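# Architecture at a glance
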Amino acid sequence: MFRKYEKVFAKDYENWYKESTEYRKQTEKDPRRLHFHLMPRTGWMNDPNGLCQLNGVYHIFYQYTPFEPTGELKLWGHFTTRDFIHYEDDGPVLYPDSELDAHGAYSGSAYVEDGTMYVFYTGNLKYFDREDYDYINSGRGSNTIQVVSRDGHHFSRKKLLMTTADYPADMSCHVRDPKVFRRGARYYMVLGARDRESRGLVLLYESDDLEHWTFKSRIMTEEKFGYMWECPDLFEIDGQMFLTCCPQGVAQQGVDYANVHQCVWMKLDCNFAADQYRIRQIHQLDRGTDFYAPQTFQDEQGRRILIGWMGIPDADYTNPTTEAGWQHALTLPRELTVRDGKLIQQPIAELRQLRCEPVVCGSFDQDGCAECVSEAKPQVYEASVTFDRCQSMRMELRDGVTLYYQDHMLTLDPGDRGAGRTARSVRLECLEDLQIFADTSSVEIFVNHGEEVFTSRIYSMEGGISIQGICEGKMVIYPLKSFNVEDIWNDEE
Ligand code: FRU
C-alpha cells in the first residue's frame, strides 16, 4: 500500500491496479454507485481539472486518489468523451512523482491552441523537516507547473514556471489552482490565494508565450470575504466578465453561505489595459450541500460549460459510500449563459439523450396533487415541473427527501437521509420551473430555468415522486438511462 507522503510513479499504480481486482469488484457492487455521473472507480475524487475540448474530444481530468476513499495523495485522473454519454476512463495520467509535486499534483487547467493541450497545475510540497511549519505561512510550497500534451494521455516533461518565492511577498504559502485563458494576443493566469493577513484573493499573471509569467494584479473585494479563495476561473459571457471561486471562511448570512466553504460567481468590471478590476456583485453559485471547485471551459461549439465537484472539503456530514471503498463524483455538465445580468446554469442538451419514455405526464391543480404520483417509482429520473401558478408546494423526491416552497423560500430537506446533511434554502421572487435530476445517491435541481441550482448527495433509494400544494402546473417524469463508461485499463475482468 502507499504511504501518505511518498511519491507515486506510474509503475506503482500499474502494479497496484493488477492486484486490486477485488477492490474494484467491491465498489462495483455498491447500489449507491451513480448511473449518470462520473465517479472514481475506486477511492476518492475531488475537483474537476483541465477541462477542454481537443479535436472533438472532451477531456475531463480530476483530482484522484485511487488507493483509498478518504483522499490522501492526489493524482490526476482522466475521462474522455465525444458526446457526454459515452466515456472512456483512462485512469491516472499525472502522478506526484517528482521533486516539484511530491505531495500532490493539485488542481489546474488546460489551455488548447493549435491542436496542443497546455496543462497548468499546482505541485504541492510539504516541508516535514521544519519545526516551525504551520502550513499557512511556512512549511508548504506551491509550484506552478506546465506540461504539454497532444492527446491528454501522454505528457511532456514537467516544467517549473513559478515557485512560492515568485508570488508577491505578502502571500502566505497558499497560492494554487492556475486557470489560463487568452484575451487578444496575450495569455492570462488566475491563481487562488491567501495573503499573510488571511484575506482571500486572486492573483492575475500575464504572458506572451505561456511559459514566462509576469505578475499583473490582484483581484479582491474591498471588505475581506473569507481567508482563502480556491479554484478561481475568470471568463467572459456576452461581454460580461465573471469570476467564479471558492472562498473559505465566510460566515453564514441568513440562508446564504450555509456550507462550511463557499462557491460564488462574481460580476466584474475589468479593464485589462488599465489594469483595473472591480467586483460589483457576488452570488452563491449553488444552493446544495455538495458543490465545490467548479471549472469552466469553452467548447468547439462556443458553449461555456461548467463542471463542479459534487462534494465539499471539511464538511461535518459524510458519504456512506466510503464503506464501499469510494467517495464523491462530478456534477452534470452545465451550460452557462447570462439572463437579466445573472449567471444561468442549465444541464447541457446532450443529457436529453438519457431520457426514456415518461412514466408520468400530467397536470396538477390547486386542489392538491392531481395524480402526479408515479406508480413506477423510478430511482434514477429527470422530473420536469412547470408551474402556471405557485403559492406553495411540497414535493417528495424519494422517501424522506422533500423539496418545498413557502413564503418565497424554496427548501431542499434531506430529512434523516442526508448522512448528517441539513436543509438548504434559497429565496425566490416566484417559482416557475424545476428540472430535477435524481441519481441513485444524488440530486441536482435547476430552478427557474437555471437561475439557481441545488446539488446534494442523498442516501435514500426508495420511494415515489409526488407534488401537492396551492399550485397549478404540469409534471413530466422520465426514467434515465446510464452513462456508458469504459475502463481502458480493463483487461482481466
Ligand atoms: C479544492 C482544492 C484545491 C487544491 C485541490 C487539492 O478542493 O483544495 O485548492 O488544488 O483541492 O486536491
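Residues numbered from 1 in each chain as written. Predicted model: local features only at pLDDT ≥ 70, side-chain atom pairs only at ≥ 80, totals over all residues. Heavy atoms only, no water.

### A short note on the nonpolar core
Counting 37 residues, the largest nonpolar core has F36, I60 and F84 as the members making the most contacts within it. Of the residues forming this core, the biggest block, four residues, is contributed by strand β2 (residues 57-65). What F36 contacts, discounting residues up to four positions off in sequence, is L332, L354, V380, F437, A438, D439, L480, K481 and F483. Counting 31 residues, the second largest nonpolar core, distinct from the first, contains L410, L428, L431 and V447. (Core = buried A, V, L, I, M, F, W, Y, C linked by side-chain atoms within 4.5 Å. Buried < 20%, exposed > 50% of the residue type's maximum accessible area, 1.4 Å probe, protein only. Helix = DSSP H or I, 4+ residues; strand = E, 2+ residues; numbered from the N terminus. Contact = heavy atoms within 4.5 Å.)

### Some thoughts on the pairing of strand β22 (residues 342-347)
Counting buried positions along β22 yields five of six residues, so the element is predominantly enclosed. Where strand β21 (residues 334-339) lies against β22, six bridges are found, and the strand directions are antiparallel. Each bridged residue has a counterpart across the sheet, and for R334 the counterpart in β22 is P347. Linking two consecutive strands that pair antiparallel, namely β21 and β22, is a turn of two residues; a positive phi of about 50 degrees is found at D340 within it. (Pairing = 2+ DSSP bridges.)

### With respect to the pattern of salt bridges
For the coordinates displayed, the defined rule picks out 31 salt bridges. Here E230 ties to R176 by a salt bridge, and the two come within 2.6 Å at their closest N and O atoms. With a gap of 54 residues between them, E230 in strand β13 (residues 228-237) and R176 in strand β9 (residues 171-183) connect regions that are remote in the sequence. For E236, the salt bridge goes to R183, with nearest N and O atoms at 2.9 Å. Note that E236 is positioned in strand β13 and R183 in strand β9, a separation of 53 residues in sequence. Among the residues examined, E236 registers a relative accessible area of 39% and is labelled partly exposed. A single network of salt bridges, built from pairs that share partners, joins R186, E206, D208, K216 and D275. (Salt bridge = Lys/Arg side-chain N within 4 Å of Asp/Glu carboxyl O.)

### Some details on the site of the ligand
By nearness alone, every residue bordering the ligand is listed as N46, D47, Q63, K74, Y106, S107, R176, D177, E230, C231, Y292 and W309. Within the side chain of K74, a nitrogen or oxygen atom sits 3.1 Å from an oxygen atom of the ligand. More than half of the atoms of the ligand fall within 2 Å of the grid points belonging to the largest pocket. When grouped by side-chain class, the residues that make up the shell around the ligand number four nonpolar, three polar and five charged. (Near = heavy atom within 4 Å. Polar contact = N/O pair within 3.5 Å; in protein donor to acceptor, adjacent residues only side chain to side chain. 1 Å grid on protein atoms, 1.4 Å probe; cavity = no way out; pocket = protein on both sides within 12 Å on 5 of 7 lines; lining within 4 Å. Sits in = over half its atoms within 2 Å of the grid points. Nonpolar A, V, L, I, M, F, W, Y, C, P; charged D, E, K, R; others polar.)

### What to know about the pairing of strand β15 (residues 264-271)
Each regular strand shows side chains that alternate between the opposite faces of the sheet. Bridge count for strand β14 (residues 240-248) against β15 is five bridges, and the pairing is antiparallel. What sits directly across from F242, in β15, is K267. Pairing between β15 and strand β16 (residues 276-284): eight bridges, direction antiparallel. Looking across to β16, one finds that N271 is bridged to Q276. Following β15, the chain reverses through four residues before pairing antiparallel with β16; D275 in that reversal takes a positive phi of roughly 60 degrees.

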